[in-house]
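What follows is each chain in one-letter form.
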Amino acid sequence: MINTFYVANFKGFKEIKIPELGHLNLVVGKNNSGKSTLLEALMLYSAAGSESILDEISVNHDEKTRARSRLQDLRFSENDNLLHSVEDGFPYEHLFYGRKFSNKNTIQIGEIGNESKLLTISYSKRKKDDHGNQNETLKLLQQLNVIGSEVFLPDSPSQNILEVRKGRSKHVIPLDELIYRRHKSYVEAEEKQRVNFQYVPTKATSMDELGLLWDKIALTNYEKYTIDALRLIEPNIEDIRFVQKDERSSERTAIVKLFDEEMIFPIRSMGDGIIRILQLILNMYAAKDGFYLIDEFDNGLHYSVQKSLWKMIFSLAKQLNIQVFATTHSWDCIQSFTEVAIENEQMNGTLLKIGKSKLSKNKGMPIVTIFNEKKLHAITQELVEVR
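Residues numbered from 1 in each chain as written. Predicted model: local features only at pLDDT ≥ 70, side-chain atom pairs only at ≥ 80, totals over all residues. Heavy atoms only, no water.

As for the packing of helix α7 (residues 272–286) against helix α8 (residues 303–320)
Right, so step 1: In the contact formed by α7 and α8, the axes pass within 10 Å of each other and the chain directions differ by 10 degrees. The orientation of α7 relative to α8 falls into the category roughly parallel. Counted together, Ile 277, Leu 280, Ile 281, Met 284 and Tyr 285 of α7 and Leu 309, Met 312, Ile 313, Leu 316, Ala 317 and Leu 320 of α8 form the full contact between these two elements.
Right, so step 2: Considering only residue class, the contact of α7 with α8 consists of eleven nonpolar, no polar and no charged. (Axes fitted to C-alpha atoms, helices over the stretch in contact; angles between N-to-C directions. Helix = DSSP H or I, 4+ residues; strand = E, 2+ residues; numbered from the N terminus. Parallel < 35°, antiparallel > 145°, perpendicular 65-115°, else oblique. Contact = heavy atoms within 4.5 Å. Nonpolar A, V, L, I, M, F, W, Y, C, P; charged D, E, K, R; others polar.)

A closer look at helix α6 (residues 222–230)
Because an α-helix packs 3.6 residues into every turn, residues spaced three or four apart end up facing the same way.
Right, so step 1: Listing the buried residues of α6 in full gives Tyr 222, Glu 223, Thr 226, Ile 227, Ala 229 and Leu 230. Buried residues in α6, looked at end-on, bunch into an arc of 155 degrees, giving them a common side. (Buried < 20%, exposed > 50% of the residue type's maximum accessible area, 1.4 Å probe, protein only. Arc of directions from axis to C-beta.)

Points about unusual backbone geometry
Right, so step 1: Of note, Asn 9 is a non-glycine position whose phi angle comes to about 60 degrees, a positive value.
Right, so step 2: Residue position: Asn 9 is located in strand β1 (residues 5–10).
Right, so step 3: The exposure class assigned to Asn 9 is buried, which follows from its relative accessible area of 7%.
Right, so step 4: Of note, Asn 321 is a non-glycine position whose phi angle comes to about 55 degrees, a positive value.

Considering the pattern of salt bridges
Right, so step 1: Using the criterion set out here, one finds 15 salt bridges in the structure.
Right, so step 2: A salt bridge links Glu 251 to Lys 245, with the shortest nitrogen-to-oxygen separation between them at 3.7 Å.
Right, so step 3: Accessibility expressed as a relative area gives 38% for Glu 251, which makes it partly exposed.
Right, so step 4: Among the salt bridges present, the one from Glu 339 reaches Lys 307, with a minimum N-O distance of 3.4 Å. In this pair, Glu 339 sits in helix α9 (residues 331–343) while Lys 307 sits in helix α8, placing the two residues 32 residues apart along the sequence. (Salt bridge = Lys/Arg side-chain N within 4 Å of Asp/Glu carboxyl O.)

Description of the pairing of strand β15 (residues 323–327)
Right, so step 1: Extensive coverage of β15 is indicated by the burial of five of its five residues.
Right, so step 2: Side-chain alternation along β15 places Gln 323, Phe 325 and Thr 327 on one buried face and Val 324 and Ala 326 on a second face that is also buried.
Right, so step 3: Bridge analysis of strand β3 (residues 24–29) against β15 gives four bridges, and the strand direction is parallel. Across the sheet, Asn 25 pairs through a bridge with Phe 325, a residue of β15.
Right, so step 4: The handedness of the strand β14 (residues 291–294) to β15 crossover, carried by α8, is right-handed. (Pairing = 2+ DSSP bridges. Right-handed = clockwise from strand over helix to strand, strands pointing away.)

What about the sheet that holds strand β9 (residues 169–174)?
Right, so step 1: An order of β2-β1-β6-β7-β8-β9 is seen for the six strands of this open sheet, with the pairing classed as antiparallel. Looking at the sheet topology across the chains shown, the edges are occupied by β2 (13–18) and β9. In this sheet, neighbouring strand axes are inclined to one another by 15 degrees on average, regardless of whether the strands run parallel or antiparallel.
Right, so step 2: One ladder, built from five bridges, connects β1 with β2; its direction is antiparallel. Looking at the pairing, Val 7 lines up with Ile 16 of β2.
Right, so step 3: In this fold helix α1 (residues 35–46) packs onto β1, β2, β6 (107–110), β7 (119–125) and β8 (160–166), with an angle of close to 100 degrees to the strand it touches most, β1.

Written out as structure tokens, the structure is:
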């Protein structure tokens, strides 16, 4: 668990400090305030800067990665009024503040004041290899299985790289197309620097993915928790199973059985809300002993089930040793979270409101207002609007 959080030079955050966090944290704010960016920073921190997460964040926003080009910018030509493409830079360059690499623009993510666990990602442009750093480049390519140990590099032009550090660990991500196009594997951080996490996006997880998560809890007590969660919407659910969709496909789907009913039917026929609950509960088990990150918690959920679901989330967070971060726009979600946080004395619930400074000195800079349990009482008693 982290007690504070700091992000600098990542996407729209020039700098943001959160001096207090709870076991469960609900993040609110206007559109484009940085709620999802905060979750992405937590993803990147948990993965210690692994390239697979840089790639996932980029793909989710149709940005360029080393595996594929971004949807190219289109602009009008002054001469012929025709659209033409514009050079779209290096992979992952858009993740840096201002969407540009610079020597002073280092991404920093971690706990406030904890330099030993600070994640830094910086751009570097190497000069032409001499025999010393040629060996370093050769070693990197061999680690990535791009070339064999018997290969010697000729003199090569400058190499653009991302240098990623966390603690005493360091890995280098190549950005030159000549190099990164020759291999498909990502450059990952050392396992000892990574923290388990699970991210739930706003869109629905595929049934195949949910089936894999179900397999991990099969024949465990967590099966009961999952069914109990589904009963928040349909109290008569007796059991759920994942099966092959049909004989012609390897895809899976979930089927449910109701009490005192012989018929079984697909869970999808019961609506989006029950699918969202299944998604939230199954992913939570996968976040055990780590971070659980949920974008738009209330997506597809009727207000009447949210308080009961938050009670379950608070309880499971304690059992599974999970720190939760979720975002929302919904006042119903805020109110239900607040009520459960006040009632639950064992797990701290904190509301984080992200806004932008209106002061001339720091105009537009992100600021965070923290509502701990003491302040949450005031929200419920005075119906303070915090969205």
